[in-house]
Amino acid sequence: MVEVLKSSFEDLFPIIETCIRESSFVAFDTEFTGLTADSSNTETLFDDGPARYAKKRRDVQQFIMVQIGLSAFIEIPHENRYRVHTFNFYVYPGSFGSVNVKFLCQASALEFLCRHNFDFNKFIYDGISYLNEEQEKVLCNEIEELSVATDAECDYDEITVQEISSKISEWLATAKNEDKLVLEKPPSVSDYVLHSQLRQRFPAIWTISVDRLHVQCAKITEEKKSIILKEHEMENERVLNSMLGFTRVFRLLVKHRKPIVGHNCFMDLMLMYDKFYRPLPGTIIKPLAAILFLMFVNRFSVVFL
């Protein structure tokens, strides 16, 4: 088994991709922060399909996955057996800009994880991020518009940013192209917010972090700025890929249309749909029903994403 964390995800991703592509089918299991958000969501024998879906949807909207196990079964030709590659992913909904997920934890679920030696430090400190399509669109727009700072953060940092802006304005009055100015970086402002704000306010400069405590401003030509902006777009793409995280693995499963095998995995599948694809619709729809209700009589489930 290979443990996959945020710190090792990019290095392991090509191996994961190869295993999924070459597999005959993929088995999965997940762990979550809770099962039932409210007593009114408890299932009964009288629930029909839509009623059960509505109850589980309310649970899924409030809980998150903390760990996902994937086993890729690759057939060995002419030997009637499989070679299995198993990956254990710690996943955690990273925050960036307005994407800041709130979720519930149920005491019994956390106790269950404790009994099975779940590492909560890895979950929080080194869990792999993920986004669904709706969150991805929001984040793409914010990165494009350089508006990643939340309203509260902007209000709080405005005085500090204005002080730095005043110093840059004085310097620009006499600065020539390629001149540089190094300023102390305020600890109360994140790097991304500081660079975004200064680049918006002063189109004739470009900023970089010299180290943890200082920021450098350089007066540049339009030609040089266009070159830098192309490099900056690549950096934005790296930020987005980092936030997508496990969603990229989910999309591999969709792309290669591998059979997905799980046991008693109704809620697991709803969580995967909601967290990695799109928010669950208010009522069950045909494509979603095909994913959620293709069950074998022995309660094992096989689905095609």
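Residues numbered from 1 in each chain as written. Predicted model: local features only at pLDDT ≥ 70, side-chain atom pairs only at ≥ 80, totals over all residues. Heavy atoms only, no water.

Undergrad: What is the right way to read the sheet that holds strand β6 (residues 205-209) from this model?
TA: The strands making up a sheet are joined through hydrogen bonds of the backbone, oriented either antiparallel or parallel. Taken together, the three strands give an open sheet; going across it, the order is β5-β7-β6, and neighbouring strands pair in antiparallel fashion. Looking at which strands have only one partner, the edges of the open sheet turn out to be β5 (180-184) and β6. If you compare each strand with its neighbour and ignore which way they point, the axes differ by 25 degrees on average. Where β5 lies against strand β7 (residues 214-219), five bridges are found, and the strand directions are antiparallel. What sits directly across from leucine 183, in β7, is valine 215. Contacting β6 and β7, helix α7 (residues 191-201) runs over the sheet at an angle of about 170 degrees to β6. (Pairing = 2+ DSSP bridges. Helix = DSSP H or I, 4+ residues; strand = E, 2+ residues; numbered from the N terminus. Axes fitted to C-alpha atoms, helices over the stretch in contact; angles between N-to-C directions. Contact = heavy atoms within 4.5 Å.)

Undergrad: Would you explain the environment of lysine 185 in this entry?
TA: In this fold, lysine 185 is placed in the loop between β5 and α7. The spatial distance from the C-alpha of lysine 185 to the C-alpha of valine 210 is 9.5 Å, given a sequence separation of 25 residues. Once residues lying within four places of it in the same chain are set aside, the contact partners of lysine 185 are Asp191, Leu194, Ser209, Asp211, Arg212, Leu213, His214 and Val215. Within the local environment of lysine 185, its side chain forms a polar contact with the side chain of serine 209, the two groups lying 3.2 Å apart. In terms of polar contacts, lysine 185 uses its side chain to reach the backbone carbonyl oxygen of aspartate 211, at 2.9 Å. (Polar contact = N/O pair within 3.5 Å; in protein donor to acceptor, adjacent residues only side chain to side chain.)

Undergrad: I tried to follow the packing of helix α5 (residues 133-144) against helix α8 (residues 222-244) on my own but got confused; where do I start?
TA: Orientation of α5 relative to α8, taken along the N-to-C sense of each, is 155 degrees, at an axis distance of 11 Å. Classified by the angle between their axes, α5 and α8 sit roughly antiparallel to one another. Relative to α8, the crossing made by α5 is right-handed. Contacts between α5 and α8 involve Glu136, Leu139, Cys140 and Ile143 from the former and Asn236, Val239, Leu240, Met243 and Leu244 from the latter. (Parallel < 35°, antiparallel > 145°, perpendicular 65-115°, else oblique. Left-handed = near helix turned anticlockwise from the far one by under 90°.)

Undergrad: Quick question: what am I supposed to make of the layout of surface pockets here?
TA: Left-over empty space is what a probe sized like a water molecule reveals as it rolls over the atoms. Of the pockets and cavities examined, the largest pocket occupies roughly 460 Å³. Elements that contribute at least two residues to the lining of the largest pocket include exactly β2 (25-32), α2 (49-60), α3 (107-115) and α10 (266-277). Across the lining of the largest pocket, the residue classes break down as seven nonpolar, six polar and seven charged. Roughly 360 Å³ of volume is contained in the second largest pocket. As for the second largest pocket, its lining consists of 14 residues, of which Ile143, Glu144, His232, Glu233 and Asn236 are closest to the centre. Put simply, the parts of the chain that give the lining of the second largest pocket at least two residues each are α5, α7 and α8. For the lining of the second largest pocket, the class distribution of residues is six nonpolar, three polar and five charged. (1 Å grid on protein atoms, 1.4 Å probe; cavity = no way out; pocket = protein on both sides within 12 Å on 5 of 7 lines; lining within 4 Å. Points joined across faces, edges and corners; volume = space filled by probe spheres on them. Nonpolar A, V, L, I, M, F, W, Y, C, P; charged D, E, K, R; others polar.)

Undergrad: How should I be thinking about unusual backbone geometry in this particular structure?
TA: Among all residues save glycine, negative phi is the norm, and among peptide bonds the norm is trans. Positive phi is not limited to glycine here, since asparagine 80 has a value of about 55 degrees. Here asparagine 80 lies in the loop between β3 (65-76) and β4 (81-90). With relative accessibility at 78%, the residue asparagine 80 sits in the exposed group. Here asparagine 117, not a glycine, exhibits a phi torsion of approximately 60 degrees, which is positive. Inspection of the secondary structure assignment puts asparagine 117 in the loop between α3 and α4 (120-125). (Buried < 20%, exposed > 50% of the residue type's maximum accessible area, 1.4 Å probe, protein only.)

Undergrad: Is there a simple way to explain the packing of aromatic side chains in this structure?
TA: The full count for this structure, using the stated rule, is 14 aromatic pairs. Note on phenylalanine 89 and phenylalanine 246: the rings are 4.9 Å apart at their centroids and 75 degrees apart in plane angle, and the pair reads as edge-to-face. Residue phenylalanine 89 is located in strand β4, and its partner phenylalanine 246 is located in the loop between α8 and α9 (247-256); the two are separated by 157 residues in the primary sequence. Centroid distance phenylalanine 118 to phenylalanine 123: 6.0 Å. Interplanar angle 55 degrees. Geometry classified as tilted. (Phe/Tyr/Trp six-rings, centres within 6.5 Å; stacked < 30°, edge-to-face > 60°.)

Undergrad: Hey, could you run me through the nonpolar core in this one?
TA: One broad trend across soluble globular proteins is that nonpolar side chains are buried collectively. One finds Phe89, Phe246 and Val249 to be the most contacted residues of the largest nonpolar core, which totals 45 residues. Those elements that place two or more of their residues in this core are α1 (6-22), β2, α2, β3, β4, α9 and α10. At eight residues, the largest contribution of residues to this core is made by α10. The residues contacting phenylalanine 89, other than those within four sequence positions of it, are Val4, Phe9, Ile16, Val66, Gln67, Ile68, Leu70, Ile128, Phe246 and Val249. (Core = buried A, V, L, I, M, F, W, Y, C linked by side-chain atoms within 4.5 Å.)

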